[in-house]
Amino acid sequence: MPDDKTIHLKIKRQDQPDGKSYWEEFELPRKPRANVISCLMDIQMHPITREGKEVTPVVWECNCLEEVCGACTMVINGKVRQACTALVDALPQPIVLEPMSKFPLVRDLHVDRSRMFENLKKVKAWIHIDGTYDIGEGPVIPEKQRAKAYLLSECMTCGCCLEACPQFAKDNDFMGASTFSQVRLFNMHPTGAMEQEERLDAIMGEGGIADCGNAQVCVEVCPKKIPLTESIAEIGRETTLQLLKNLFLK
Amino acid sequence: MSSISKGQVHFFLLKMHSLTGLIPIGLFLTFHLLINSLRTVGVLPYQWSIDLINNLPFLIWIEVLFIYIPLLFHSFMGFYITKVAKTNALRYRYPRNWMYVLQRLTGAIVFVFLVYHLGTTVAPKLWFGHHLFEAAPFLIDVMNQEFATWTGRIIYLIGILSATFHFANGLWGFCMSWGIIIGPRAQRNASIVFILFGGALTVLGLATVLEFSLHPVDVEPSFKGAP
Ligand code: HEM
Ligand code: SF4
Ligand code: SF4
Ligand code: FES
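Residues numbered from 1 in each chain as written. Chains lettered and ligands numbered in written order. Predicted model: local features only at pLDDT ≥ 70, side-chain atom pairs only at ≥ 80, totals over all residues. Heavy atoms only, no water.

## As for the sheet that holds strand 3 (residues 73–76) of chain A
All names here are of chain A. The sheet built from 5 strands is open, its strands ordered 2-1-5-3-4 with mixed pairing. A single partner strand is all that each edge strand has here, and the edge strands are strand 2 (21–29) and strand 4 (79–82). Sheet twist, expressed as the average angle between the axes of neighbouring strands with direction ignored, equals 30 degrees. Relative to strand 5 (residues 95–98), strand 1 (residues 6–14) runs parallel, the two being bridged by 3 bridges. Considered in strand 5, the bridge of K10 is made with V96. (Pairing = 2+ DSSP bridges. Helix = DSSP H or I, 4+ residues; strand = E, 2+ residues; numbered from the N terminus. Axes fitted to C-alpha atoms, helices over the stretch in contact; angles between N-to-C directions.)

Written out as structure tokens, the structure reads:
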């Protein structure tokens, strides 16, 4: 058993995308205010397992180290979250690290989240500011609306909401809460609203908003506390109106 | 008009699954439990309600078009939706996630229950030709037998509880997916309203079970030999 001088880590490893996974355990000297990333860095410098076997260093991704980039997302003690804000002092040991299970694995704790970016492209999660002609300045946004948009804009495409969603799987096309929330964000912008119909059409198909089963795990696990189920319901309303429009007005 | 894509069909079928859960199936469930609870008010009102239903013009067409086809469609889609779910409520233990699992589980239970329920009521009624005013004495006799044993009572308790939960929680899901409720407060208030509604439906169902179990009665047809 680890005492208060050591940190005990159990890490799920895999050498290749299509390889077999295996577990390895590490015991590190405890440092004050350590987080999971600092432990992984210690292992990188000294990749020796608990049994004393020298192994390849564990692979993971990280970038900002302050929970704004989403790169270090992994499953820690069974729950998906960011490794950089997973403080060792607040975690029961052994600390179990696994890669996210719903994205293609690259190596060890490193997964490929490009599906999220592809979905953002499908829904045109941006605002056109130029074209073949100058579309001019956008209107002023009321402060309340700006505050709401800011909340939604904090999404860091980390994938927590997708990993924890019972409707999201490797073998389906579900776009997931973060995509729907971004559709809401760009539809509520006065200039972005010009592409509202294209965005809604993109999520009114296979893997779109109708595939959400309202389990609401997404909103529980989102580290940025984005009101995802409010976004889902709002997008539910926008797509309902769009459906009526498509059926009866066109 | 542009052609319709596979994705649009998928979306439309899911929306129709959601809609059929409320109209007509949910409406039918509500009226079914309400009318049956007339049994607790008196035998005559109950018998007359069965007489009325069984003397409706085009009854079989109303049943097929507004009950059986929507129910089969909703069930078929429901099993498909259940099949693709990757439930994880043991890992992510949040109330709504349990409801998500229960919504699928109770749907399946209701399906099995309905096969049994139709098998002991509507199927023999049609098979043995108990039409018009002959239906009420026959059906009331069937229900007496159903509620004579604890096995029968428990089957109905499970069936009714599953159906009322599934419908009440389904109403909440319906309001989410059609965008009728949006913010967190609206979501919470709606769940309170639907818990009360589901509770009321359950009470209606359980009172009927209790009445049949405690006071079985035999009735004669309201009109002998009527056409
Ligand atoms: C008493 C009969 C039934 C009633 C009144 C009923 C009603 C409803 C309602 C109102 C919904 C909500 C729709 C929505 O989420 O938008 C729903 C959802 C659902 N129903 Fe039923 N239903 C019945 C029978 C069944 C059966 C037999 C199944 C077969 C498995 C089933 C499976 C489902 C599933 C899986 C959902 C969840 C859909 C989702 O959340 O995405 N239901 N039902
Ligand atoms: S509400 Fe549930 S099903 Fe819908 S996106 Fe969130 S976790 Fe997934
Ligand atoms: S919505 Fe939240 S959980 Fe989902 S990707 Fe964005 S920040 Fe991560
Ligand atoms: S390193 Fe950017 S969120 Fe953890």
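Anyway, onward from the coordinates.
## Comments concerning the site of ligand 2
Around ligand 2 sit 13 residues in total, of which C165, C212, A215, Q216 and C218 of chain A are the nearest. Of the residues assigned to the shell around ligand 2, the class counts are 9 nonpolar, 4 polar and no charged. (Near = heavy atom within 4 Å. Nonpolar A, V, L, I, M, F, W, Y, C, P; charged D, E, K, R; others polar.)

## Brief notes about the interface of chain B and chain A
Contact residues are listed per partner, giving 32 residues for chain B and 37 residues for chain A. Both faces considered, chain B and chain A share a buried interface measuring about 2900 Å² in area, 57% of it formed by carbon and sulfur atoms. When the shortest N-O distance is used, the salt bridge between E206 of chain A and K6 of chain B registers 3.4 Å. On inspection of chain B and its partner chain A, the count reaches 12 residue pairs in polar contact (both at pLDDT 80 or more). Its residues placed into classes, the side of chain B that touches chain A shows 15 nonpolar, 11 polar and 6 charged. (Contact = heavy atoms within 4.5 Å. Buried area = accessible area lost by both parts, 1.4 Å probe. Salt bridge = Lys/Arg side-chain N within 4 Å of Asp/Glu carboxyl O. Polar contact = N/O pair within 3.5 Å; in protein donor to acceptor, adjacent residues only side chain to side chain.)

## Quick notes on the coordination of the iron atom of ligand 1
Residues and elements named next belong to chain B. Taken together, H74 (NE2) and H166 (NE2) make up the full set of protein donors to the iron atom of ligand 1, lying 2.0 to 2.1 Å away. What the 6 donor atoms of the iron atom of ligand 1 show is an angle range of 84 to 178 degrees at the metal, which sorts the shape as octahedral. With H74 in helix 3 (residues 59–84) and H166 in helix 7 (residues 150–177), this residue pair connects regions lying 92 residues apart in the sequence. H166 carries the same exposure label as H74, and that label is buried. (Donors = N, O, S within 2.8 Å, 3.2 Å for Na, K, Ca; no water. Tetrahedral: all angles 85-135°; square planar, octahedral: opposite > 155°, others 65-115°. Buried < 20%, exposed > 50% of the residue type's maximum accessible area, 1.4 Å probe, protein only.)

## Re the site of ligand 3
What surrounds ligand 3 is a group of 14 residues, the closest being C155, C158, G159, C161 and C222 of chain A. Each residue belonging to the shell around ligand 3 can be placed in one class, and the counts come to 10 nonpolar, 3 polar and 1 charged.

## Regarding the packing of helix 5 (residues 177–188) of chain A against helix 6 (residues 196–203) of chain A
All names here are of chain A. With their axes 10 Å apart at the nearest point, helix 5 and helix 6 run at an angle of 165 degrees to one another. In terms of their interaxial angle, helix 5 and helix 6 are classed as roughly antiparallel. At the point where helix 5 passes helix 6, the crossing takes the left-handed sense. Contacts from F180, V183, F186 and N187 in helix 5 reach Q196, R199, L200 and I203 in helix 6. Looking at the contact of helix 5 with helix 6 residue by residue, the class counts come to 5 nonpolar, 2 polar and 1 charged. (Parallel < 35°, antiparallel > 145°, perpendicular 65-115°, else oblique. Left-handed = near helix turned anticlockwise from the far one by under 90°.)

## As for the pairing of strand 2 of chain A
Across 9 bridges, strand 1 of chain A lies against strand 2 of chain A in antiparallel orientation. Bridge pairing in strand 2 of chain A places R13 of chain A opposite Y22 of chain A.

## Re the side chain of R115 of chain A
Residues and elements named next belong to chain A. When you line up the elements, R115 lands in helix 2 (residues 114–122). For the buried R115, which has no salt bridge, the nearest side chain bearing the opposite charge is D173, at an N-O separation of 5.8 Å. With residues near it in sequence (within four places) discarded, R115 still touches F168, A169, K170, N172, D173 and F174. (Lys, Arg positive; Asp, Glu negative; His and termini not counted.)

## Side note on the domain arrangement of chain A
Residue and element names in this part refer to chain A. Each assigned domain of chain A is listed here: domain 1 (6–111) and domain 2 (114–249). Placing the centre of domain 1 and that of domain 2 at their C-alpha centroids yields a distance of 31 Å. If you look at where domain 1 meets domain 2, you find 1 salt bridge. A salt bridge links K224 to E67, with the nearest nitrogen and oxygen atoms 3.9 Å apart. The interface formed by domain 1 and domain 2 holds 6 residue pairs in polar contact (both at pLDDT 80 or more) in total. (Domains from an automatic or database assignment.)

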